[in-house]
Amino acid sequence: MENTTRLPSQDREKRHISAKNKYGWFFISFPVIILAVFMLYPIISSLFLSTMSSRGMIQKFVGLRNYVKLLKDTVFLQALKNTFIFFIIQVPIMLFLALIIASLLNDKSIKFRGLFRTGIFLPAVTSLVTYALLFKMMFSLDGLINKFLLAIHLISEPIPWLMDPFWAKITVMIAMTWRWTGYNMIFYLSGLQNIPDELYEAAEIDGANKLRQFRFITVPMLKPIILFTAITSTIGTLQLFDEPMSFSSGGVTAATIGPGNSLLTMSVYIYNLCFKYMPNFGYAATVAYVIVILVAILAIIQFKLAGDKR
Amino acid sequence: MSVKCEIGNYAVHSGDKLKKEETVVKRLFSMLLVVCVLFSIFGVTVMAGGKSGKITIWAWDPNFNVPVMAEAKARYQKINPSVEIEIVEMAKADVEQKLNTVLASGMKEGLPDIVLIEDYNAQKYLQAYPGAFADLTKKINHKEFASYKNELMTLKRKIYGVPFDSGVSALFYRRDILAEAGYEPADLNNITWDQFIEIGKQVKKKTGKAMIAFDAADGGLMRIMMQSAGEWYFDKNDNPNIVNNEVIKEGYIAYKKIVDSGIIKKTSGWNEWVASFNKGETASVITGCWIIGSIKAEKSQSGKWAAAPTPRLNLKSSVNYSNLGGSSWYVIEKSKNRAVAEDFLKTIFAADQDFYQKILVEQGAVGTYLPSQDGVAYTKPDQFFGGQKIFSDFSTWMRKIPPVNYGLFTYEADAALMAVMPDYLAGKIDVETALKKAEEQLKNQIDF
């Protein structure tokens, strides 16, 4: 029916649309090709690579044996453990601190708010090497921190910050918190701007104190942003590389990453497998895939916990 | 090559630009000129030949390897002005990263002609990338180099590199501090680690100073101990040999003794370690001779230092001579100017004795080219070390370093052993358990 009654103008219209489609496909093809070549291909190729065992140029197919090897690899398991310790302890502390500081600095009655905000954000733009060097100096056995703690009689003996497996982790956590709290704070601050003042006013009239306001207004209203920062921080921590590398003794020249490999993370292990040890790119790809899987799982859990149904 | 060849080459180059009529006269004239210039500069020495082309060199350390190469470049270009040499300076980790990625990708582009490789890594590269490096067995007279250097770059009876600097180890100590504790230089000659610890205790008691700075994450001392006994982490077939290795066990125990004796100052990282002896907080340093530059950096301590042979283990096989670190030059097989690169290394690094004197004085680089070590710079007393002829001593010790094949997995083994070290030092596990753990981990990791 339709075919017989079709007007020439309709036909032209259709041709016009299909021509438009052609252009559409043409333009969209560039990003698609680029994505395929630079994203899809490496992802698939590294999946294949993870089934190989290699010694430099010499490669052989081992199937899933790399994954079995991974479970027996105490160094990898330690890297996994270290990464999770950083993730479980450092990320919540940092995000909580960021939230507190953000809501404090959102108070309009505070003078020089801009100055404080800038001051707290500044570490995020500091060069990594510079700050790692300064922290190492401050946290050395006879460094500033120990001298201060000794002077106020909080400790009787200097703390072996970077020489003890336990304290080395603490030092790196302190450093990471210093560096990234301000960065997360900025997200919260921008989120706080979008919470209408009326809500707080109403709460105040109803007799809610600041703590309850924070608990029942600020946190729920900021939930999407908290989720976002939690996921980016999770990814950042699981891929943690810079800090352990610069805080461990000689970086690439030292035998272990931190005393007893206490600062070894999965990303550092991948680096070592590729460049410091006998280059085993296949095995390194296996470790990389484990990180991807873990990030995916954690992100799903966080979405579920946040109850975001979208 | 003869002078004739040099002139012929020159004529070909300049001949293109000249008109035919003038060619004969000008060519004769330029020939004469070149002959005169060459003879006046070099006397009647035989020329190396008119090489040309461009070679690229990758090296790390702007205070050591790079200026050494720059000196070599200047010397070679005097002989072969038409050879272009580019020295690319990168961090050591970057050199290794680039080399690994380019070689693994199988690309022919993007590689240098000559590359510096750390001795501990030599076998790894040679075996992981077969055919990537040029066989120099017949190009270089390796007999003129320290034998331990040749061993580590030999694969299937072929020698692949040109040995460069030595990491001959020594016990560097402060004469004044040791004298205060009642020790003469003779008391520190050819001692064992146990004796070293005893001396350290006295030093600590009488002067209050720590004997050495110690980094628990550093496996360097272990490597010194092992090589002093001609042993390594692996047996001859590259299989891990840790649990049943008397030398490693002895070394491991020595680590704990050193820590428990209270003679150390704990440090973390290179800077703190160097600072400990620059500030005069520690009385000695046991490491490779390349540390001299850092020791001498503290000018106020001039005349107060001395060097003695490295302490040995309580084993018959262990001697007072060992090594830590050091690297060598390798030529890439597929390099377009391989012949020039080989000739460059041969002319400077395997022949030029004067060059080795120069880099010893300027960079403190102790080469492993034995004929150069009778030279002026090597036999000169060093005022910083109280007039001791330290380089002459190094040269003597270097010849006695037991040769060791470092195998493929030095850094894996190093990490495996040092990872269990804190638990052992804290007394949580005994030495047998620690070594067993380390060997299991190593075996799993290097499983192909």
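This is a predicted model, so every value here is computed, not measured. (Residues numbered from 1 in each chain as written. Chains lettered and ligands numbered in written order. Predicted model: local features only at pLDDT ≥ 70, side-chain atom pairs only at ≥ 80, totals over all residues.)

(A) Representation of the overall build of chain B within the structure. On a plain count of helices and strands, chain B comes out with 19 helices and 12 strands. Across the 448 residues that make up chain B, the buried fraction comes to 47%. Here the analysis covers contacts within chain B between residues at least 6 apart in sequence; of these, 77% occur between residues at least 24 apart. (Helix = DSSP H or I, 4+ residues; strand = E, 2+ residues; numbered from the N terminus. Buried ≥ 20, exposed ≤ 12 C-beta atoms within 10 Å, placed from the backbone. Contact = placed C-beta atoms within 7 Å.)

(B) Structural context of the sheet that holds strand S12 (residues 327–331) of chain B. All names here are of chain B. Strand order in the open sheet formed by five strands is S2-S1-S3-S12-S6, and the pairing between neighbours is mixed. Looking at which strands have only one partner, the edges of the open sheet turn out to be strand S2 (83–89) and strand S6 (161–163). The mean angle between the axes of side-by-side strands here comes to 25 degrees, regardless of whether they run parallel or antiparallel. Sheet analysis places strand S3 (residues 114–118) next to S12, joined by five bridges and oriented antiparallel. Bridging across to S12, Ile 114 finds its partner in Val 331. (Pairing = 2+ DSSP bridges. Axes fitted to C-alpha atoms, helices over the stretch in contact; angles between N-to-C directions.)

(C) View of the domain arrangement of chain B. All names here are of chain B. What the domain assignment lists for chain B is domain 1 (3–42), domain 2 (53–166 + 325–374) and domain 3 (169–323 + 408–446). On a C-alpha basis, the centres of domain 2 and domain 3 stand 29 Å from each other. Tallying contributions element by element places helix H5 (residues 122–128) first for the side of domain 2 that touches domain 3, with three residues. For the side of domain 2 that touches domain 3, the residue count by class is three nonpolar, seven polar and two charged. (Domains from an automatic or database assignment. Nonpolar A, V, L, I, M, F, W, Y, C, P; charged D, E, K, R; others polar.)

(D) Representation of the confidence of the model for chain B within the structure. Residues and elements named next belong to chain B. Looking at chain B as a whole, the pLDDT averages 87, with 89% of positions reaching at least 70. Of the regions scoring below 50 in pLDDT, residues 38–48 engages in 12 contacts with residues more than four places distant in sequence or in other chains. Both confidence scores are given for the complex: pTM 0.82, ipTM 0.78. (pLDDT = per-residue confidence, 0-100.)

(E) Geometry of the packing of helix H11 (residues 223–238) of chain A against helix H14 (residues 281–306) of chain A. Residues and elements named next belong to chain A. Put simply, H11 and H14 touch, their axes get as near as 10 Å, and they point 160 degrees apart. On the basis of the axis angle, H11 is roughly antiparallel to H14. Between H11 and H14 lies a crossing of right-handed hand. Packed against H11, whose contacting residues are Lys 223, Leu 227, Ala 230, Ile 231, Thr 234, Ile 235 and Leu 238, the element H14 presents Ile 291, Leu 294, Val 295, Leu 298, Ala 299, Gln 302 and Ala 306 at the interface. Here the residues of the contact of H11 with H14 sort into 11 nonpolar, two polar and one charged. (Parallel < 35°, antiparallel > 145°, perpendicular 65-115°, else oblique. Left-handed = near helix turned anticlockwise from the far one by under 90°.)

(F) Examining the sheet that holds strand S7 (residues 169–174) of chain B more closely. Residue and element names in this part refer to chain B. Reading across the sheet, the three strands line up as S10-S7-S11 and stay open at both edges, with antiparallel pairing between neighbours. Because the sheet does not close on itself, it has two edges, and the strands there are strand S10 (284–288) and strand S11 (305–308). Strand-to-strand twist in this sheet, taken as the mean axis angle between neighbours without regard to direction, amounts to 25 degrees. Where S7 and S10 come together, five bridges link them in antiparallel fashion. Looking at the pairing, Phe 172 lines up with Val 285 of S10.

(G) Focus on the environment of Gln 193 of chain A. With respect to the helices, strands and loops of the structure, Gln 193 of chain A is situated in helix H8 (residues 165–193). Given 8 C-beta atoms within a 10 Å radius, Gln 193 of chain A is considered exposed.

(H) Looking closely at the domain arrangement of chain A. Its domain assignment divides chain A into domain 1 (2–49) and domain 2 (67–306). One C-alpha centre belongs to domain 1 of chain A, the other to domain 2 of chain A; they are set 43 Å apart.

(I) Quick peek at the pairing of strand S2 (residues 58–61) of chain A. Both strand S1 (residues 52–55) of chain A and S2 of chain A contribute to a ladder of four bridges, which runs antiparallel. Paired with Ser 54 of chain A across the two strands is Gln 59 of chain A, which belongs to S2 of chain A.

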